[in-house]
Amino acid sequence: MPSPAAAIAHKTYAQPRAYDSKSFAEPLSSARPAHRWTEEADTRTPTEVVARLGVVASYARNAEIFGEDQPAENLYIVLSGAVRICKLLGDGRRQIETFCLPGDVFGWEMTGRHRFSAEAVSECKIVRVKRSILFSRASDDAELAHALWALTAAELGRAQDHLLVLGRKTAQERVATFLLDMAERAGAGQGPNGIEVTLPMSRQDIADFLGLTIETVSRTLTHLEEISAIALPSSRRVLLRDGATLKRLNS
């Protein structure tokens, strides 16, 4: 049974609405009245509530969105593309903390500086929202305060799930969990030959996310293909053919 945080994450991110860049370019009024709980408010997802206060920015592939130890002035919402949140360790190794896909929010910090870096995996559009605006508005905006709580709970649930993957799962289990998660987050539907997922990230990215070497990731994908759990039409396209086997590895 999914945790409450996972349920919030699914509700929040499963079907993000398409945004018009122009809708975020309007000036913000400092005298805006507090929101009430209304039917219209209840139909907005937490990401939509937060995104209406931001502006859209575009980033090229591999561009840095923010760097480690830079001032944490904004929250970010992915509209299109993918983002990796990562840290370069002292010995030169890289750990990817998470991948953010359309509808995901990142840039959460407890202090005034970023502990990780954020980089565009592919060309992407991102809504950038000033933290100062969020905090000042949330004090008298019930809808915004609830949205921030829901997004924080979803982020906590995601971090707990990833901790379990890194701490207790084998290489096969980690890769199977990753593929199922990517299929669910991308909203990939069942086709005649299985569920096809297009991965925006490289195998090195996947390895750094799962705490494995790129060789282990490649061997594991090949093994899953040999037992007909998946098919690999190309290096970035994966066809999930045997969901039962993958789910058993993910259990």
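Above: the structure in question.
Residues numbered from 1 in each chain as written. Predicted model: local features only at pLDDT ≥ 70, side-chain atom pairs only at ≥ 80, totals over all residues. Heavy atoms only, no water.

Caption draft 1: Representation of the overall build of the protein in the model. Counting secondary structure elements, the protein contains nine helices and 12 strands. Residues counted as buried form 43% of the 251 residues belonging to the protein. When contacts within the protein are restricted to residue pairs at least 6 apart in sequence, long-range pairs at least 24 apart make up 73% of them. Of the roughly 13500 Å² of accessible surface on the protein, a fraction of 53% belongs to carbon and sulfur atoms. (Helix = DSSP H or I, 4+ residues; strand = E, 2+ residues; numbered from the N terminus. Buried < 20%, exposed > 50% of the residue type's maximum accessible area, 1.4 Å probe, protein only. Contact = heavy atoms within 4.5 Å. Areas by Shrake-Rupley, 256 points an atom, 1.4 Å probe, with all protein chains shown as cover.)

Caption draft 2: Here's a closer look at the sheet that holds strand 12 (residues 237–240). The strand order across the open sheet formed by four strands is 9-10-12-11, and the pairing between neighbours is antiparallel. Looking at strand neighbours, the two that pair on one side only are strand 9 (190–191) and strand 11 (230–231), the edges of this open sheet. Of the strand pairs in this sheet, strand 10 (residues 194–198) and strand 12 are connected by four bridges, and their pairing is antiparallel. Within the sheet, the bridge partner assigned to Glu196 lies in strand 12 and is Leu239. (Pairing = 2+ DSSP bridges.)

Caption draft 3: Representation of the pairing of strand 3 (residues 74–80) in the model. Burial analysis of strand 3 places five of its seven residues in the buried class, the great majority of the element. Of the strand pairs in this sheet, strand 3 and strand 8 (residues 124–130) are connected by six bridges, and their pairing is antiparallel. When the bridges of strand 8 are listed, Tyr76 appears paired with Arg128. With two bridges connecting them, strand 3 and strand 6 (residues 105–106) associate as antiparallel partners.

Caption draft 4: Seen up close, the packing of aromatic side chains. Scanning the model with the defined rule gives six aromatic pairs in all. Between Tyr76 and Phe106 the ring centres are 5.1 Å apart and the planes differ by 10 degrees, which places this aromatic pair in the stacked class. Taken as a pair, Tyr76 in strand 3 and Phe106 in strand 6 lie far apart in primary sequence, 30 residues in all. For the pair Tyr76 and Phe106, one class covers both residues: buried. Between the aromatic rings of Phe99 and Phe209, the centroid separation amounts to 5.1 Å while the plane-to-plane angle is 55 degrees, which identifies the pairing as tilted. Of the two residues, Phe99 is situated in strand 5 (residues 94–100) and Phe209 in helix 7 (residues 203–210); the sequence distance between them amounts to 110 residues. Here the aromatic cluster, defined as three or more aromatic residues joined through ring pairs, consists of Phe66, Tyr76 and Phe106. Note that Lys87 overlies the ring of Phe116, its terminal NZ or CZ placed 5.0 Å from the centroid. (Phe/Tyr/Trp six-rings, centres within 6.5 Å; stacked < 30°, edge-to-face > 60°. Lys NZ or Arg CZ within 6 Å of the ring centre and 35° of its normal.)

Caption draft 5: Main features of the pattern of salt bridges. Taken as a whole and judged by the stated rule, the model has 15 salt bridges. Here Glu97 makes a salt bridge to Arg158, at a shortest N to O gap of 2.4 Å. Linking Glu97 in strand 5 with Arg158 in helix 5 (residues 142–168), this pair joins segments that are 61 residues apart in sequence. Beyond isolated ion pairs, a larger network of salt bridges with shared partners links Arg84, Arg94, Glu119, Asp205 and Asp208. (Salt bridge = Lys/Arg side-chain N within 4 Å of Asp/Glu carboxyl O.)

Caption draft 6: Spatial organisation of the packing of helix 4 (residues 131–138) against helix 5. Two elements in contact, helix 4 and helix 5, have axes whose closest approach is 8 Å; the angle formed by their N-to-C orientations is 120 degrees. On the basis of the axis angle, helix 4 is oblique to helix 5. Between helix 4, through Leu134, Arg137 and Ala138, and helix 5, the contact on the second element is made entirely by Leu144, Ala145 and Leu148. Here the residues of the contact of helix 4 with helix 5 are counted per class, giving five nonpolar, no polar and one charged. (Axes fitted to C-alpha atoms, helices over the stretch in contact; angles between N-to-C directions. Parallel < 35°, antiparallel > 145°, perpendicular 65-115°, else oblique. Nonpolar A, V, L, I, M, F, W, Y, C, P; charged D, E, K, R; others polar.)

Caption draft 7: How the structure looks around unusual backbone geometry. The backbone of Asn62 sits at a positive phi, close to 70 degrees, despite the residue not being glycine. Looking at the element boundaries, Asn62 is found in the loop between strand 1 (55–59) and strand 2 (64–66). Given a relative accessible area of 40%, Asn62 falls into the partly exposed group. Located in the positive-phi region is Asp69, a residue other than glycine, with phi close to 75 degrees.

Caption draft 8: Quick look at the environment of Ala176. Inspection of the secondary structure assignment puts Ala176 in helix 6 (residues 171–186). Ala176 sits in the buried class, given a relative accessible area of 0%. When the C-alpha positions of Ala176 and Arg248 are compared, they lie 9.0 Å apart, and in sequence the two are 72 residues distant.

Caption draft 9: View of helix 7. For helix 7, the tally of buried residues reaches six of eight residues, placing the bulk of the element in the interior. Of all the residues in helix 7, the buried ones are Asp205, Ile206, Ala207, Asp208, Phe209 and Leu210. Here the buried face of helix 7 lies against strand 4 (83–88), strand 5, helix 5, helix 6 and helix 8 (214–226). Positive phi shows up at Gly211, right after helix 7, with a value of about 70 degrees.

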